[in-house]
Amino acid sequence: MIILLDNGSKWPEATRNLRRLAAAMVRRKGEDVHAVSMLHSSRIPAALLDDKPAETIEPFLRRQIDHGARKFVIVPLFFGPSRAINVFLPEVVSRLEAEVGALQIDVAPTLCPLPNGESRLVDILEANVRDAMQTQQLTPARILLVDHGSRVAAVTAVRTWLAAMLSARFREIAKVTEAVMERREERQYDFNGDLLEHALATAAQKGEQTILAMQFISPGRHAGAGGDIDRITRNAMHRHPGFRAVVSPLIGEHPLLEDILSDRIEAVRS
């Protein structure tokens, strides 16, 4: 049984996108691929999801085990080794195994496993930035690679790797810097980088037209129409007349992500 697993969101658009990606894997693999979230999405009213409630990992696994399943392939829709994958998921599995005995649960590599990374993610980011350049008729002086932010340094290292690769693609056009939507205030989390508000203020003060390269897979509280990133970007332009900042498409909207996910399934089976 294959599970496509994301972190989860209270926004129905995120679950819809997860289901769309799972359906794409069904078409490619010719077998069931289940769209499941780690947390949060079960709070979405089913009426907002075509009357099909969202699934979260622990109750989903319990139900499948009750139906006789013992082997699972989990494909993480995560860029790097987050605590959700390295801590929370093993805790869930340990609780279940304490109740029902040993399970075979194979976890595929994340989307951008370092040190080698994933060049196709760079291809997607580049294509999305160029799409924003064309549709918005903007040649940027700065490209801001924006992600959620993490207290895990190894997750931030993925964004830093992607930024370095993206910088090589745009070295003759714009400088590439990084920003986050969330970070802790303590100094030990300075590795996480600047909040988006601060990064946009810096770009605006320098008169650097900016494209936000979105390191997000699905729309939700931060990304997508009406999210925090849209609001913060509009506010920055309002405070700095003449400054333009535009947002690229999401990684989950690019068809090349499906190739990556298909390969992750094969990697865990080989």
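Please refer to the structure placed before this passage.
Computed from a predicted structure; not experimentally measured.

Caption draft 1: Quick look at helix H6 (residues 196-205). Within H6 the residues assigned to the buried category are Leu196, Ala199, Leu200, Ala203 and Ala204. Viewed end-on, H6 has its buried residues packed into an arc of 135°, placing them on one side of the element. One or two residues past the end of H6 sits Gly207, with phi positive at roughly 70°.

Caption draft 2: View of the sheet that holds strand S7 (residues 210-214). The strand order S6-S5-S7-S8 describes an open sheet built from four strands, whose pairing is parallel. At either margin of the open sheet sits one strand with a lone partner, and together these are strand S6 (175-180) and strand S8 (245-247). In this sheet, adjacent strand axes meet at a mean angle of 25° when their direction is disregarded. Across three bridges, S7 lies against S8 in parallel orientation. Residue pairing across strands places Thr210 opposite Ala245, the latter belonging to S8. Most of the contacts of helix H5 (residues 153-169) go to S6, to which it runs at about 160°, and overall it touches strand S5 (142-147), S6 and S7. Relative to S8, helix H7 (residues 228-239) is tilted by about 165°, and along the sheet it contacts S5, S7 and S8.

Caption draft 3: Inspection of the pairing of S7 at higher detail. Most of S7 is tucked away: five of the five residues are buried. Alternating residues of S7 divide into Thr210, Leu212 and Met214 and Ile211 and Ala213, and every residue in both groups is buried. Summarising the sheet, S5 and S7 pair through five bridges and their orientation is parallel. Its bridge partner lying in S7, Leu145 is registered against Ala213. Since S7 and S8 lie parallel, the crossover through H7 that links them has a hand, and here it is right-handed.

Caption draft 4: Region of the structure containing the sheet that holds strand S4 (residues 104-107). One open sheet accounts for four strands, arranged S2-S1-S3-S4; its pairing is parallel. Only two strands of the sheet have a single neighbouring strand rather than two, namely strand S2 (33-37) and S4. Direction aside, neighbouring strands of the sheet carry axes that sit 25° apart on average. As paired strands, strand S1 (residues 2-6) and strand S3 (residues 71-76) are joined by four bridges and run parallel to one another. When the bridges of S3 are listed, Leu4 appears paired with Val75. Contacting S1 and S2, helix H1 (residues 12-29) runs over the sheet at an angle of about 155° to S2.

Caption draft 5: Geometry of the nonpolar core. By size, the foremost hydrophobic cluster in this structure holds 44 residues, and its most contacted members are Leu4, Leu111, Leu121, Leu162 and Leu261. Ranked by residue count, the leading element in this core is helix H4 (residues 119-136), at seven residues. Those residues within four positions of Leu4 in sequence are excluded, and the remaining contacts are Leu18, Leu21, Ala22, Val33, His34, Ala35, Val36, Val75, Leu77 and Leu261. Residues Phe60, Phe78, Ile85 and Val92 belong to the second largest nonpolar core, which totals 20 residues.

Caption draft 6: Geometry of the pairing of S3. For S3, a buried count of five out of six residues is recorded, marking the element as mostly surrounded by other parts of the structure. Taken together, S3, helix H3 (residues 83-100) and S4 constitute a β-α-β crossover, and its handedness is right-handed.

Caption draft 7: Representation of the packing of H6 against H7 in the model. The geometry of H6 relative to H7 is characterised by a closest axis approach of 10 Å and an angle of 30° between their N-to-C directions. On the basis of their axis angle, the class for H6 and H7 is roughly parallel. Handedness of the crossing formed by H6 with H7: right-handed. The segment H6 lies against H7, with Leu196, Glu197 and Leu200 engaging Ile229, Ile232, Thr233 and Ala236.

Caption draft 8: Highlighting helix H8 (residues 256-269). Taking 1.5 Å of rise per residue, 14 residues should cover 20 Å, and H8 covers 21 Å from first to last C-alpha, within 8% of that figure. Of the positions making up H8, those classed as buried are Leu256, Leu257, Glu258, Ile260, Leu261, Ser262, Arg264 and Ile265. As for H8, its buried residues are in contact with S1, H1, S3 and H4.

Calculation rules
- Residues numbered from 1 in each chain as written.
- Predicted model: local features only at pLDDT ≥ 70, side-chain atom pairs only at ≥ 80, totals over all residues.
- Heavy atoms only, no water.
- Buried < 20%, exposed > 50% of the residue type's maximum accessible area, 1.4 Å probe, protein only.
- Helix = DSSP H or I, 4+ residues; strand = E, 2+ residues; numbered from the N terminus.
- Arc of directions from axis to C-beta.
- Pairing = 2+ DSSP bridges.
- Axes fitted to C-alpha atoms, helices over the stretch in contact; angles between N-to-C directions.
- Contact = heavy atoms within 4.5 Å.
- Right-handed = clockwise from strand over helix to strand, strands pointing away.
- Core = buried A, V, L, I, M, F, W, Y, C linked by side-chain atoms within 4.5 Å.
- Parallel < 35°, antiparallel > 145°, perpendicular 65-115°, else oblique.
- Left-handed = near helix turned anticlockwise from the far one by under 90°.
- Expected span 1.5 Å × (residues − 1).

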